[in-house]
Amino acid sequence: MTAIGVDVGGTSVRAGVVDSHGAILDTARGSTPSGEAELEDVICSVVGSLAARHEVNAVGLAVAGFVANDRRTVMFAPHLAWRAAPVADRIAERLGLPVLLEHDANAAAVAEYHFGALRGARVGLLVAIGTGIGGALLLDGRLFRGAHGVAPELGHLRLVPDGRPCSCGKHGCWERYCSGTALVTTAVDMLAQYRGRSTALAREARDAQALTGRKVAAAARDGDPIARRAMAELARWLGEGLALVADVYDPELIVIAGGVSESSPLFLDAARDHYQSMVTGAGHRPLARIRTAHLGDDAGIVGAATMALDSA
Ligand SMILES: [Zn+2]
């Protein structure tokens, strides 16, 4: 049995044929267009090219957005065209295959639970840190979705009253301090504070628009003092946020995923220290282990395909 998993992201649509062991046998990709019909065309074309080469039983779509509890409808996706769109039925009809929708962090958590870093965790939390923060909670291998399918929405927990403005309309959200985007904001703020200090990052940031989280991480790796401070800030906010989340869910294992996790040697130990000092009752309770994800960029594809296979 194989299924096609599709990661529908803000910039690209990536698909893979996945077997029941979580192995990716073949891949295809396209760019994400801005229109709703065009997006579904790209998904059908990418899936169609794979289905022409492989016998597949089902399709799973991992979407960066709110998916309704029945997993047929995308309610809202900030970086995609869909609004209350019955995506699963429309695409199933066009492809002639069963289609399942899943929130991308949920799909990644399922993949990590079956084949990666969350394996065996009774209460396992995945925190995906990229442009923003996505979260997923697994209880004995089952996703906890909340009453309306949107839990756990971690990125917009307000950590800083009257803090940085967020696209969600609030101020001080966790992901405004702990994400690839936040790393750039922090670095730019710090460069303004230390104006005149000529560091590699300062030269890189002459064109502030071109600065990325990846560039800040690379500068920190090269020992740039301001980039290292920005990274220390990210570690602090990661630890503080995880302490808050751990007070609510008391997980045994927390897996850090997403693009920022690739730089984990630069921040994870410090984040653990902050976590340990901020979690309630530290020293008198067992603490969650915190580690990085194993499946990288492929987790959404593998997880969506695995869930589609399960339900096919
Ligand atoms: Zn927000």
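Residues numbered from 1 in each chain as written. Predicted model: local features only at pLDDT ≥ 70, side-chain atom pairs only at ≥ 80, totals over all residues. Heavy atoms only, no water.

### Describing the packing of helix α1 (residues 36–53) against helix α2 (residues 87–95)
1) Next: For the pair α1 and α2, interaxial distance at closest approach is 11 Å and the crossing angle is 45°. Of the possible angle classes, the one that applies to α1 and α2 is oblique. Crossing angle aside, the handedness with which α1 passes α2 is right-handed. Of the residues in α2, those touching α1 at Glu36, Glu40, Asp41, Ile43, Cys44 and Val47 are Val87, Arg90, Ile91, Arg94 and Leu95.
2) Next: Taken together, the residues that form the contact of α1 with α2 break down as 6 nonpolar, no polar and 5 charged. (Axes fitted to C-alpha atoms, helices over the stretch in contact; angles between N-to-C directions. Helix = DSSP H or I, 4+ residues; strand = E, 2+ residues; numbered from the N terminus. Parallel < 35°, antiparallel > 145°, perpendicular 65-115°, else oblique. Left-handed = near helix turned anticlockwise from the far one by under 90°. Contact = heavy atoms within 4.5 Å. Nonpolar A, V, L, I, M, F, W, Y, C, P; charged D, E, K, R; others polar.)

### Description of the layout of surface pockets
1) Next: Roughly 220 Å³ of internal volume is contained in the second largest pocket.
2) Next: Lining of the second largest pocket is provided by Arg71, Val110, Tyr113, His114, Leu138, Gly141, Arg142, Leu143, Arg145, Met307, Asp310 and Ser311.
3) Next: Elements represented by at least two residues in the lining of the second largest pocket include exactly α3 (104–115), β11 (142–143) and α9 (299–311).
4) Next: Here the residues of the lining of the second largest pocket sort into 5 nonpolar, 3 polar and 4 charged. (1 Å grid on protein atoms, 1.4 Å probe; cavity = no way out; pocket = protein on both sides within 12 Å on 5 of 7 lines; lining within 4 Å. Points joined across faces, edges and corners; volume = space filled by probe spheres on them.)

### With respect to the pairing of strand β3 (residues 24–31)
1) Next: Bridge analysis of strand β2 (residues 12–19) against β3 gives 7 bridges, and the strand direction is antiparallel. Within the sheet, the bridge partner assigned to Val18 lies in β3 and is Ile24.
2) Next: Linkage of β2 to β3, two consecutive antiparallel strands, is achieved through a turn of 4 residues, within which Gly22 is found at a positive phi near 85°. (Pairing = 2+ DSSP bridges.)

### A few points about the coordination of the zinc ion
1) Next: Within the protein, the atoms that donate to the zinc ion are His156 (ND1), Cys166 (SG), Cys168 (SG) and Cys173 (SG), at distances of 2.0 to 2.3 Å.
2) Next: In this structure, the zinc ion is coordinated by 4 donor atoms arranged in tetrahedral fashion, with angles at the metal of 104 to 118°. (Donors = N, O, S within 2.8 Å, 3.2 Å for Na, K, Ca; no water. Tetrahedral: all angles 85-135°; square planar, octahedral: opposite > 155°, others 65-115°.)

### Quick word on the sheet that holds strand β7 (residues 83–85)
1) Next: The 3 strands are arranged β5-β6-β7 in an open sheet whose pairing can be described as antiparallel. Every other strand in the sheet has two partners, leaving β5 (66–67) and β7 as the edge strands with one partner each.
2) Next: Of the pairings in the sheet, the one linking strand β6 (residues 74–76) to β7 comprises 2 bridges and is antiparallel in character. Bridge pairing links Val74 to Ala85 in β7.

### As for the pattern of salt bridges
1) Next: Under the definition given, this model contains 17 salt bridges.
2) Next: The salt bridge partner of Asp250 is Arg285, with a shortest N-O separation of 3.8 Å. One end of the pair, Asp250, is in the loop between α7 (225–249) and β12 (253–257); the other, Arg285, is in the loop between α8 (268–278) and β13 (289–292), with 35 residues separating them in the sequence.
3) Next: Given the relative accessible area of 48%, Asp250 is considered partly exposed.
4) Next: The class for Arg285 is partly exposed, based on a relative accessible area of 24%.
5) Next: Taken together, the shared-partner salt bridges in this structure form one network comprising Glu36, Glu40 and Arg90. (Salt bridge = Lys/Arg side-chain N within 4 Å of Asp/Glu carboxyl O. Buried < 20%, exposed > 50% of the residue type's maximum accessible area, 1.4 Å probe, protein only.)

### What to know about empty space enclosed by the protein
Take a probe with the size of a water molecule and roll it over the atoms, and the empty space left behind shows itself.
1) Next: Counting across every chain of the model gives 1 cavity of 30 Å³ or more.
2) Next: Lining the largest cavity are Val67, Ala68, Asn69, Arg71, Glu102, His103, Asn106, Arg145 and Gly149.
3) Next: Here the residues of the lining of the largest cavity sort into 2 nonpolar, 4 polar and 3 charged.

### What to know about the sheet that holds strand β10 (residues 133–139)
Two pairing modes exist for strands in a sheet, parallel and antiparallel, and in both the strands are linked by backbone hydrogen bonds.
1) Next: Across the sheet, which stays open at both edges, the 5 strands sit in the order β11-β10-β9-β12-β13 with mixed pairing between neighbours. At either end of the open sheet lies a strand with only one pairing partner, and these are β11 and β13.
2) Next: In the sheet, strand β9 (residues 123–129) pairs with β10 via 7 bridges, with the strands oriented antiparallel. From the neighbouring strand, Val127 faces β10, where its bridge partner is Gly135.
3) Next: Each of β9, β10 and β11 is contacted by α3, which is oriented at about 50° to β10, the strand it contacts most.

### Some details on α8
1) Next: Considered for burial, the residues of α8 that qualify are Leu268, Ala271 and Tyr275. Each buried residue of α8 sits inside an arc of 55° when the element is viewed along its axis, so together they form one side. In α8, the exposed residues that point more than 90 degrees away from the buried face are Asp269, Asp273 and Ser277.
2) Next: Taken together, the buried residues of α8 touch α7, β12 and β13. (Arc of directions from axis to C-beta.)

### Looking at the side chain of Glu175
1) Next: One can find Glu175 in the loop between β11 and α4 (180–193).
2) Next: By relative accessible area, Glu175 is classed as buried at 9%.
3) Next: Residues within four places of Glu175 in sequence aside, it is in contact with Gly132, Ile133, Gly155, His156 and Ala182.

### Some details on the packing of helix α6 (residues 213–221) against α7
1) Next: Contact geometry of α6 with α7 gives a least axis separation of 7 Å together with a crossing angle of 115°. Between α6 and α7, the angle is such that the two are roughly perpendicular. In the crossing of α6 with α7, the sense of the turn from one axis to the other is left-handed. In this structure, α6 uses Val216, Ala217, Ala219 and Ala220 to contact α7, whose residues at the interface are Ala227, Arg228, Ala230 and Met231.
2) Next: For the contact of α6 with α7, the per-class residue count stands at 7 nonpolar, no polar and 1 charged.

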